[in-house]
Amino acid sequence: MTDCYKERKENEMEKKIIYLDNAATTKTKPEVVEAMLPYFTEKFGNPSSVYGFAAQNKEAVTEAREQIGKALNAPAQDIYFTAGGSEADNWALKAAMEAYKDKGNHLITTKIEHHAILHTCEYLEKQGFEVTYLDVDENGVVDLNQLKASIRPTTVLISVMYANNEIGTLQPIREIGAIAKEHGVLFHTDAVQAFGQLPIDVVAENIDMLSASGHKLNGPKGIGFLYIRKGLKLRSLIHGGGQERKRRAGTENVPGIVGFGKAVELAVAGMDAKMKQETELRDYLITRVLAEIPYTRLNGHRTNRLPNNANFSFQFIEGESLLIMLDMKGICASSGSACTSGSLDPSHVLLAIGLPHEIAHGSLRLTLSEETTKEEIDFTIEQLKAIVANLRNMSPLYEDFVKKQKK
Amino acid sequence: MYTEKVMDHFTNPRNVGEIENASGVGTVGNAKCGDIMRIYLDIDENQIIQDVKFKTFGCGAAVATSSMATELVKGKSIYEALQVTNKAVMEALDGLPPVKVHCSLLAEEAIHAALWDYAEKHDIKIEGLEKPKSDIHEGEEEEAEEY
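Note that the structure is predicted; figures quoted are calculated from it, not measured.

Undergrad: When you look at the overall build of chain B in this model, what are you seeing that I'm missing?
TA: Each helix and strand counted, chain B has five helices and three strands in total. Listing the helices and strands of chain B from first to last along the sequence gives α-β-β-β-α-α-α-α. Scaling as 2.2 N^0.38, a compact globule of 147 residues should have a C-alpha radius of gyration of about 15 Å, and chain B matches this with 15 Å. Projecting the C-alpha coordinates of chain B onto the three principal axes gives extents of approximately 55 × 30 × 25 Å. The buried share of chain B, taken over its 147 residues, is 55%. Look at the contacts in chain B between residues 6 or more apart in sequence, and 61% of them connect residues 24 or more apart. When the accessible surface of chain B is totalled, it reaches about 7,000 Å², and 46% of it is carbon and sulfur. Between the centroid of the 14 positive side chains of chain B and the centroid of its 28 negative side chains there is a distance of 4 Å.

Undergrad: Can you walk me through the sheet that holds strand S2 (residues 35–43) of chain B in this structure?
TA: Pairing between sheet strands relies on hydrogen bonds along the backbone, with the strands arranged either parallel or antiparallel. Residues and elements named next belong to chain B. Pairing is antiparallel across the open sheet formed by three strands, whose spatial order is S1-S2-S3. At either margin of the open sheet sits one strand with a lone partner, and together these are strand S1 (24–30) and strand S3 (49–57). With direction set aside, neighbouring strand axes in the sheet form an average angle of 10 degrees. For S2 and S3, the ladder comprises eight bridges, and the chain directions are antiparallel. Counted as the bridge partner of Ile36 is Phe57 from S3.

Undergrad: When you look at helix H4 (residues 52–72) of chain A in this model, what are you seeing that I'm missing?
TA: An α-helix turns once per 3.6 residues; consequently, residues spaced three or four apart project the same way. All names here are of chain A. Compared with the 30 Å implied by 1.5 Å per residue over 21 residues, the 31 Å span of H4 between its first and last C-alpha is a close match. All of the buried residues in H4 are Ala54, Asn57, Ala60, Val61, Ala64, Arg65, Gln67, Ile68, Gly69, Ala71 and Leu72. Its buried side turned inward, H4 meets helix H3 (38–41), strand S2 (79–82), strand S7 (209–213), strand S8 (224–228) and helix H9 (254–292). With its phi angle positive at about 60 degrees, Asn73 sits one or two positions after the end of H4.

Undergrad: Help me understand the sheet that holds S2 of chain A in this model?
TA: Residue and element names in this part refer to chain A. Taken in spatial order, the seven strands of this open sheet run S2-S8-S7-S6-S5-S3-S4, and their pairing is mixed. Of all the strands in the sheet, the pair left with one neighbour each is S2 and strand S4 (130–134). Neighbour to neighbour, the strand axes of the sheet diverge by 20 degrees on average, direction disregarded. Sitting on the sheet, helix H6 (residues 115–126) touches strand S3 (106–110), S4, strand S5 (155–159) and strand S6 (186–190), and the angle it makes with S4 is about 145 degrees.

Undergrad: It is not clear to me how the side chain of Ser104 of chain B should be interpreted in this structure. Could you clarify?
TA: Residues and elements named next belong to chain B. Take Ser104: it is sitting in helix H5 (residues 101–121). A polar contact of 3.2 Å, which involves the side chain of Ser104, links it to the side chain of Asn86. Leaving out residues up to four positions away in the same chain, Ser104 has contacts with Thr65, Asn86, Met90 and Leu96.

Undergrad: Please clarify how the side chain of His215 of chain A should be interpreted in this entry.
TA: Residue placement: His215 of chain A occurs in the loop between S7 and S8. Assessed through its relative accessible area of 16%, His215 of chain A is described here as buried.

Thresholds, definitions, all that
Residues numbered from 1 in each chain as written. Chains lettered and ligands numbered in written order. Predicted model: local features only at pLDDT ≥ 70, side-chain atom pairs only at ≥ 80, totals over all residues. Heavy atoms only, no water. Helix = DSSP H or I, 4+ residues; strand = E, 2+ residues; numbered from the N terminus. Rg over C-alpha atoms; globule rule 2.2 N^0.38 Å. Buried < 20%, exposed > 50% of the residue type's maximum accessible area, 1.4 Å probe, protein only. Contact = heavy atoms within 4.5 Å. Areas by Shrake-Rupley, 256 points an atom, 1.4 Å probe, with all protein chains shown as cover. Lys, Arg positive; Asp, Glu negative; His and termini not counted. Charge placed at Lys NZ, Arg CZ, Asp CG, Glu CD. Pairing = 2+ DSSP bridges. Axes fitted to C-alpha atoms, helices over the stretch in contact; angles between N-to-C directions. Expected span 1.5 Å × (residues − 1). Polar contact = N/O pair within 3.5 Å; in protein donor to acceptor, adjacent residues only side chain to side chain.

Following this line, the structure appears as structure tokens:
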């Protein structure tokens, strides 16, 4: 190790991290960890066992299920724990399409879903199912008329995400639920980004199935759930023991479930204050960036978006370079750039809202938490201004643009 | 994911800029793939590259390979510059992650494009230099995905 390298590493250790990637994952709250800890070394029993020592584990699982059900206005027994959001998405789509084969083989979703939905749809297409991918407008909102026009007699399921993970846009879930109900079609929503951030009511919004994940709301990783409305004849995901009403066999992840329950309890209790605080800071960030960095656009709906999400495209520069430069200043962010994913295509979401490739490549997602401070945002904006200017200086696209302007 | 050398050349890129009335200019890549590289060469009457500058739109590896490529051709004859391969650029950077190897191809291609432009402008033929491809990703096969 060279001295220079050592010195840099040491500086990095001292450097304060500004974490602006809460859509990727969140910090597990200390209260959540505390609630989980006894279930490793003390209360380690298997909830399925008969003796009293294990009964407390069954109770803990039941309590978490109730906390989650309450947050959605759903009966506790309609919550089925999974290992995460992707598992819940896979289960909902595959099982519903298989179970309702007699009715038809058609599924409607959108072009901006998470890959847990899109790649499952591709798999289903290979199995002979038909999938319609709805367009979105420039803000990332689905067109309800196109949705209505896409419904066929053979349509089994509509799956539309609650809020988009990249650009934060919220979908008209209640309206989609009403359309689905009117046409006798099932409605699933991937609420991984929205659950715990926004109030959700599965009854009022006519949601038949809903996926969510623990680690997006300050809970632990490796735990999620699928809400399945009572009466849906969905196939079991994992066959085995009687856990999760026989639909998802396997000994319960008790510490994960307890932690998830605690995280939901905290999220619900603090939701209004958190939404208000994050929205204010998000709007401050958006306003300043758009005003102070030229040739920048905001991706996603200006107001109808997740309280903690800001997504920008900086013309003439590439996202990965931007991320590395920000990282060197201790700022953790994310991009829809192709280079961050290892493929050559930029984000399917940014392309779906109509961005040309070169602008989609230069995108930046900043997602706040309730711990994000105004000072951190100010520091980030100052760094962004300098980095964007520096990268533009290096960009042949910017050079061409400037020369064209002079003419 | 990047080596120290890549990070060094990305954060302190050498030879960024433009050359007015350059002897040769080459631009390769396309915005669709997310990287565009432009190289300016200043070549004297003895066919020695006196100065070289670059501008790059792309990821950290694209910037670093541009920077390293300019270092490797500076002061060299046009024939020596022609021998600077993507492998040489990669080795000089202590390697690149597999998904970024195309960036080093882009650097090689950009130098060739600038030399081609020089040859055309001066109406000479450079032995061993082929007309550069406009898009270096042409012909690359997409990885098969399994579901």
